Amino acid sequence: MKNYYIWKTTYKSKMRYHHSGNIPQKRHTIFKSPEDKFYYEQLFGTEGFHGISSLLYHIHRPTQIKSIGEAKDVTPRIAVDKNVTPRMFKGMNVTPEDDFLDSRKFLMINNDLKMGLSKPRKSMDYFYKNAECDELLFVHHGSGTLKTFVGNLEFVVGDYLIIPRGTIYQVELKSDDTVLFVLESHSPIYTPKRYRNEFGQLLEHSPFCERDIVAPSFVEPKDEKGEFLIKVKKENQITDFIYATHPFDVVGWDGYFYPYKFNIKNFEPITGRIHQPPPVHQIFEGHNFVVCSFCARMYDYHPMGIPHRIPLKY
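As a starting point, this report considers the structure included with it. This structure is a prediction, so every number in the text was calculated from the model and none was measured.

Details of the pairing of strand E11 (residues 151–155)
Remark: a regular strand shows side chains that alternate across the two faces of the sheet.
Inference 1: In terms of residue burial, E11 counts as a mostly covered element, since four of its five residues are buried.
Inference 2: Taken together, the five bridges between strand E10 (residues 144–148) and E11 define a ladder with antiparallel strand orientation. Its bridge partner lying in E11, Gly144 is registered against Phe155.
Inference 3: Here E10 hands over to E11 after two residues, the two strands then running antiparallel side by side.

Now the structure itself:
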C-alpha cells in the first residue's frame, strides 16, 4: 500500500494522470485496510473500455441501494419551438431558487447540449449524479466547495468547473448570491485538439497549460452507514436513490477521469497585428460546440487594422 497526495505527470490522454489517497501497488489485486477488511475496486469511466477512466477504491460496495423513488420529469420547457427569430436573453435576470437543481434555467437547447444560468441560494443537502451529461459550471459570482467522491475543489469567481458524467457530488455555497453559467453536454468536454500533441500534452502555443488545471484535493473517506439520498439524472428525469453507505468512502484512486477546475485569470489571450478569429478564445470543446472566453487583451495593432472597439454601423 502506498500513500499519494501528488501529481504524477504522464501524457497519454486528454487529461493528466493523477493519483490520490491509498492505492495498491498493482491494479486488480486484493487490497485490504489496516483492519484486514477488503476495499472494493471500481473502474470508473463513461466510454466503455475505450475512453479515459479511473480506478476507485471504496470502503463499502458502492452498489448498496435501499430504495428507488419515482422519477421526476425535468424536460426543459421550450418557449419558442422551431423559430429562427433573433432574440436577446437577459440571462442574469433568472429567478433565484433555494434548491441547487431547481435553480437551473436552461435558455438554449439542442441535441448536443443545454445552456443556461443558475442562482442557487442554499447548499445541497443531498448528493447528485448526472448520468447522461458532462457538466460545465462557470462561477460568475460567489464561492464555495465542490465536494466529490474523489476529493474537493474550492471555487471562486472566474472558475470553470468540469464535472464528468457519473460523478457523484455536492455543492456547498459560502453565500446566497451565487450566479453560475451552466452547460450540460451529451459528449465529453475536452481541451481543444489543436493545442495538444499526440500524447495529450498541451503545446507551447496553447493559451493555458497543465499547471493551470487543478485536480480535487484528497479528503479522508466517510465510513458511514445509513440512508444517503443521491439524485440521479437520466434522459431528462431525476430519480431519488437511497444508498446504504456514504458515497464519499473512497480511500484512494488513480487515473485520468476526474473533475477539475480552471480559472479564467490563467487564460493567456492570443493577440495579433490584425483581427484574430474567434477560435483563439477557445478553452473547451465537445461534439458540435466549443466554449470560448473573450478576455481582455491588446487590440489589433497593425496601422491599418480595424479595432474592435469601434462600433459597427448597419
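After that view, the rundown keeps rolling.
Comments concerning the packing of aromatic side chains
Inference 1: Scanning all chains against the criterion turns up 13 aromatic pairs.
Inference 2: Ring plane angle 85 degrees and centroid distance 5.6 Å describe the contact between Tyr128 and Tyr169, whose orientation is recorded as edge-to-face. Of this pair, Tyr128 sits in strand E8 (residues 127–130) while Tyr169 sits in strand E13 (residues 168–173), and the two are 41 residues apart along the sequence. Note on accessibility: Tyr128 and Tyr169 belong to one class, buried.
Inference 3: When the ring of Phe138 is compared with that of Tyr160, the centres are 4.7 Å apart and the planes differ by 50 degrees; the resulting orientation is tilted. You can see Phe138 sitting in strand E9 (residues 134–141) and its partner Tyr160 sitting in strand E12 (residues 159–163), a full 22 residues away along the chain.
Inference 4: The exposure class of Phe138 is buried, given its relative accessible area of 13%.
Inference 5: For Tyr160, a relative accessible area of 5% gives the class buried.
Inference 6: Joined through ring pairs, the aromatic side chains of Phe31, Tyr39 and Tyr57 make up one cluster.
Inference 7: Over the ring of Phe38 we find Lys32, and its NZ or CZ is 4.6 Å from the ring centre.
Inference 8: Of note, Arg194 hangs over the ring of Tyr195, and the distance from its end group to the ring centre comes to 4.6 Å.

Concerning the pattern of salt bridges
Inference 1: Under the counting rule described, the total for this entry stands at 14 salt bridges.
Inference 2: Glu172 serves as the salt-bridge partner of Lys147, at 3.0 Å between the closest nitrogen and oxygen. With Lys147 in strand E10 and Glu172 in strand E13, the pair connects residues that are 25 residues apart, well separated along the chain.
Inference 3: Among the residues examined, Lys147 registers a relative accessible area of 23% and is labelled partly exposed.
Inference 4: By relative accessible area, which is 36% here, Glu172 ends up partly exposed.
Inference 5: Here Glu285 makes a salt bridge to Lys193, at a shortest N to O gap of 3.2 Å. Taken together, the residues Glu285 in strand E20 (residues 282–286) and Lys193 in the loop between strand E14 (179–185) and strand E15 (213–214) connect sequence positions 92 residues apart.
Inference 6: Judged by relative accessible area, which is 15%, Glu285 ranks as buried.
Inference 7: The exposure class assigned to Lys193 is exposed, which follows from its relative accessible area of 55%.

What to know about the nonpolar core
Inference 1: Core analysis: the largest hydrophobic core is formed by 39 residues, its most contacted members being Leu136, Phe149, Tyr160, Ile283 and Phe284.
Inference 2: Among the elements of the structure, E9, E12, strand E16 (225–234), strand E17 (237–245), strand E18 (250–255), strand E19 (260–263), E20 and strand E21 (289–292) are those that each provide at least two residues to this core.
Inference 3: In terms of residue count, E16 provides more of this core than any other element does, three residues in total.
Inference 4: The residues touching Tyr160, leaving out its near neighbours within four places in the chain, are Leu136, Leu137, Phe138, Tyr260, Lys261, Phe262, Ile264, Ile283, Phe284, Val291, Cys292 and Ser293.
Inference 5: Core analysis: the second largest hydrophobic core is formed by 19 residues, Phe106, Leu161, Ile163 and Val171 among them.

Conventions used here
- Residues numbered from 1 in each chain as written.
- Predicted model: local features only at pLDDT ≥ 70, side-chain atom pairs only at ≥ 80, totals over all residues.
- Heavy atoms only, no water.
- Buried < 20%, exposed > 50% of the residue type's maximum accessible area, 1.4 Å probe, protein only.
- Helix = DSSP H or I, 4+ residues; strand = E, 2+ residues; numbered from the N terminus.
- Pairing = 2+ DSSP bridges.
- Phe/Tyr/Trp six-rings, centres within 6.5 Å; stacked < 30°, edge-to-face > 60°.
- Lys NZ or Arg CZ within 6 Å of the ring centre and 35° of its normal.
- Salt bridge = Lys/Arg side-chain N within 4 Å of Asp/Glu carboxyl O.
- Core = buried A, V, L, I, M, F, W, Y, C linked by side-chain atoms within 4.5 Å.
- Contact = heavy atoms within 4.5 Å.

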